[in-house]
Amino acid sequence: MMDALGTPQTLLLLGGTSDIAVAIAKRYAGDRPLRVILAARPTERRTAVAEDLGLAGCTVSEVDFDAHDTDGHAGAIEQCFAGGDVDVAVVAFGLLGDPEQAWTDPELALELATVNYTAPVHVGVLLSERMKQQKHGTIVALSSVAGERVRRSNFVYGSTKAGMDGFYTGLGYALREHGVNVLVVRPGFVKSKMTEGLGAAPLATTPEEVADLTVKAVRAKRTTVWAPPLFRLVMLVLKAVPTAIFRKLPF
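Residues numbered from 1 in each chain as written. Predicted model: local features only at pLDDT ≥ 70, side-chain atom pairs only at ≥ 80, totals over all residues. Heavy atoms only, no water.

The name an unreviewed UniProt entry assigns to the chain is Decaprenylphospho-beta-D-erythro-pentofuranosid-2-ulose 2-reductase, from the organism Candidatus Avipropionibacterium avicola. Here is the UniProt Sequence similarities (unreviewed entry) comment for the chain, exactly as written: "Belongs to the short-chain dehydrogenases/reductases (SDR) family." (UniProt positions renumbered as here; feature names shortened; annotations may be inferred.)

(A) Examining the sheet that holds strand β7 (residues 224-227) more closely. One open sheet holds the seven strands; their spatial order is β3-β2-β1-β4-β5-β6-β7, and the pairing between them is parallel. Strand pairing shows two members of the sheet lacking a second neighbour, β3 (58-64) and β7, which therefore form its edges. Geometrically, the sheet is characterised by an average inter-axis angle of 20° between neighbouring strands, direction not taken into account. The pairing of strand β1 (residues 10-14) with strand β4 (residues 88-91) spans four bridges and is classified as parallel. Each bridged residue has a counterpart across the sheet, and for Leu-13 the counterpart in β4 is Val-90. (Pairing = 2+ DSSP bridges. Helix = DSSP H or I, 4+ residues; strand = E, 2+ residues; numbered from the N terminus. Axes fitted to C-alpha atoms, helices over the stretch in contact; angles between N-to-C directions.)

(B) Layout of helix α2 (residues 44-55). For α2, which comprises twelve residues, the first-to-last C-alpha distance of 17 Å matches the rise-based estimate of 16 Å (1.5 Å per residue) to within 8%. For α2, the full list of buried residues reads Arg-46, Val-49, Ala-50 and Leu-53. Summarising the axial view, the buried residues of α2 lie within an arc of 100°, below the 170-degree limit, and thus occupy one face. Summarising the geometry of α2, the exposed residues directed more than 90 degrees from the buried face are Glu-44, Glu-51 and Leu-55. (Expected span 1.5 Å × (residues − 1). Buried < 20%, exposed > 50% of the residue type's maximum accessible area, 1.4 Å probe, protein only. Arc of directions from axis to C-beta.)

(C) Expanded view of helix α8 (residues 230-240). Among the residues of α8, Phe-231, Met-235 and Leu-238 are the ones counted as buried. The buried residues of α8 occupy one face: seen down the axis, they fall within an arc of 60°. Residues Leu-233, Leu-236, Val-237 and Ala-240 are exposed on α8 and point more than 90 degrees away from its buried face. Those residues of α8 that are buried lie in contact with β7 and α9 (243-246). (Contact = heavy atoms within 4.5 Å.)

(D) Local environment of the environment of Ser-144. Residue placement: Ser-144 occurs in the loop between β5 (138-142) and α6 (155-175). According to the relative accessible area criterion, Ser-144 is buried, its value standing at 7%. Counting along the chain gives 17 residues from Ser-144 to Lys-161, while the straight-line C-alpha distance between them is 6.3 Å. With sequence-adjacent residues up to four places away left out, Ser-144 is seen in contact with Tyr-157, Lys-161, Val-185, Arg-186 and Pro-187.

(E) Summary view of the pattern of salt bridges. Summed over the entire model, instances satisfying the criterion amount to eleven salt bridges. One salt bridge in this structure joins Asp-52 and Lys-26, with 2.6 Å as the shortest N-O distance. Of the two residues, Asp-52 is situated in helix α2 and Lys-26 in helix α1 (residues 19-29); the sequence distance between them amounts to 26 residues. With its nearest N and O atoms 3.2 Å apart, the salt bridge here joins Lys-216 to Asp-212. Placement of the pair is Lys-216 and Asp-212 together in helix α7 (residues 207-219), with a separation of four residues, close to one helical turn. Because the salt bridges share partners, they merge into one network encompassing Glu-148, Asp-165, Arg-186 and Lys-239. (Salt bridge = Lys/Arg side-chain N within 4 Å of Asp/Glu carboxyl O.)

(F) The arrangement of the layout of surface pockets in detail. Size it by volume and the second largest pocket reaches roughly 190 Å³. Along the walls of the second largest pocket sit eleven residues, with Gly-137, Thr-138, Gly-179, Asn-181 and Lys-221 positioned nearest its centre. Classifying every residue of the lining of the second largest pocket by side-chain character gives three nonpolar, five polar and three charged. (1 Å grid on protein atoms, 1.4 Å probe; cavity = no way out; pocket = protein on both sides within 12 Å on 5 of 7 lines; lining within 4 Å. Points joined across faces, edges and corners; volume = space filled by probe spheres on them. Nonpolar A, V, L, I, M, F, W, Y, C, P; charged D, E, K, R; others polar.)

(G) Expanded view of the environment of Met-131. Within the secondary structure layout, Met-131 lies in helix α5 (residues 106-134). The sequence separation of Met-131 and Val-180 amounts to 49 residues, and the corresponding C-alpha distance is 6.7 Å. Filtering out sequence-adjacent residues up to four positions away, Met-131 remains in contact with Val-86, Asp-87, Ala-89, His-136, Gly-137, Thr-138, Ile-139 and Val-180.

And the structure:
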């Protein structure tokens, strides 16, 4: 259960090698002893993250999880909950892909749809069933401002995030009566390993800044948060731009 300050005892990171997911774990670990379930593919990166979180004071267990392997999702989630209740589960996996290749390469388009939409929906249903049984908990879904109004420059990725965002927003409505909260996090450009090599973008943020906003939003039982917060106003403006103008914007 969450303590009186809103800090979890157990944190599940699905896509546990995500820079934002790791930053969230470290942010919580600074407040109290924390059990972290690191669910990701068995790689050197996962091992390094587990060691890093251990040095930060976390008790870490590792679970094999692959977004592509939908047949294995149920078993992975069962293993994640085998040690007891999960207070906060972060759905942090995702794939950016090359934006121009994505709409001309059917295999890449399918992979983006699978990793960014199909797998998060599947996992979300599995998580919701577990949290309904325990009658408490928070699911944090790492979405993107790219899904709020899909742009020409990355419309395949943006469309998958739009679908994922819509699913978790609706899931929050459905789970509210069961004592479970869903927080949808909408970052802009995050300077991380996922965006390494890409040019700088306006209102760029860091995994640590996203983590800080996320932790505060979980404690406040919010349902959405933008990172940075100014993006909320930016997207309100962009949503009001007529399509004939919006499709010509150079981004």
